[in-house]
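What follows is the residue order along each chain.
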Amino acid sequence: MEIEPSFIEGCFVIKPKEIKDSRGSFFETFTKKKFYKITGLQTDFVQDNQSISKKGVLRGLHFQKGTHAQAKLVRVISGEVLDVVVDLRSNSETYGKHFSIVLNDKNNYQLFIPRGFAHGFITLSERSVFSYKCDNYYYKSAESGIIYNDPKLNIDWRLDSSEIQLSEKDRELPFFKNIDVQHV
Ligand SMILES: Cc1cn([C@H]2C[C@H](O)[C@@H](COP(=O)(O)OP(=O)(O)O[C@H]3O[C@H](C)C(=O)[C@H](O)[C@H]3O)O2)c(=O)[nH]c1=O
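How each quantity is defined
Residues numbered from 1 in each chain as written. Predicted model: local features only at pLDDT ≥ 70, side-chain atom pairs only at ≥ 80, totals over all residues. Heavy atoms only, no water. Pairing = 2+ DSSP bridges. Helix = DSSP H or I, 4+ residues; strand = E, 2+ residues; numbered from the N terminus. Axes fitted to C-alpha atoms, helices over the stretch in contact; angles between N-to-C directions.

Draft legend 1. Fine view of the pairing of strand S1 (residues 2-5). One ladder, built from four bridges, connects S1 with strand S2 (residues 12-15); its direction is antiparallel. Each bridged residue has a counterpart across the sheet, and for Glu2 the counterpart in S2 is Lys15. Hairpin connection of S1 to S2: six residues between the antiparallel strands, including Gly10 at a positive phi of 90°.

Draft legend 2. Summary view of the sheet that holds strand S5 (residues 47-54). Sheet architecture is open: six strands sit in the order S1-S2-S10-S7-S12-S5, paired in antiparallel fashion. Looking along the sheet, the strands with just one partner apiece sit at the ends: S1 and S5. Direction aside, the axes of adjacent strands within the sheet are offset by 25° on average. For strand S7 (residues 72-78) and strand S12 (residues 127-134), the ladder comprises six bridges, and the chain directions are antiparallel. Counterpart to Val74 in the pairing with S12 is Tyr132.

Draft legend 3. Here's a closer look at unusual backbone geometry. The step from Gly60 to Leu61 runs through a cis peptide bond, and the omega angle for that step is 0°. The residue Leu61 is located in strand S6 (residues 58-64) in this model. Positioned with a positive phi, Asn108 is a non-glycine residue whose angle comes to about 55°. Within the fold, Asn108 resides in the loop between strand S9 (98-104) and strand S10 (110-113).

Quick look at the structure:
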């Protein structure tokens, strides 16, 4: 397992070591001891999620506010997505900046996202199975987000806007300038 920092402090890519043999391959998706050793983080993940999406489905950009904020360790089990995080930590040098990365079932990359970020992904393959660990529980009333096509963020989601499918909730998310970062 190796780690690759991104330009955003605290947000990094984990590249698991895949062991191949005549049957196929094996890799450890998470071990607390190794995660701590390579990251120095004592993150205590309490909830695992999985979502399945068709091509063009964009989930996000979401975050939970205040004490319900979640750090996440995200990966793709099947297919390919563009994963995007936005730094909402008001004291961060990269506040308002975003980092994006292609995660798929070939590179098996994982992205660690600290608390204080908005997160979203778009499915680029015909179907994706997306799995992630959270260090805080789901708390519906603490949910918030930013509209995916916010002009200030100017995120390139790789697909034509006519191909992008959003939930009703995500279509109504506020612009970046209107979110209350003090309660992120
Ligand atoms: C997040 C969540 C949702 N739900 C229920 C609520 C709805 O009945 C249903 C779908 O929820 P939602 O449309 O919010 O799911 P996503 O659009 O995939 O939301 C996620 O999208 C981005 C990518 C994230 O990083 C967040 O983890 C999360 O916000 O699952 C639960 O029961 N538990 C949960 O932890």
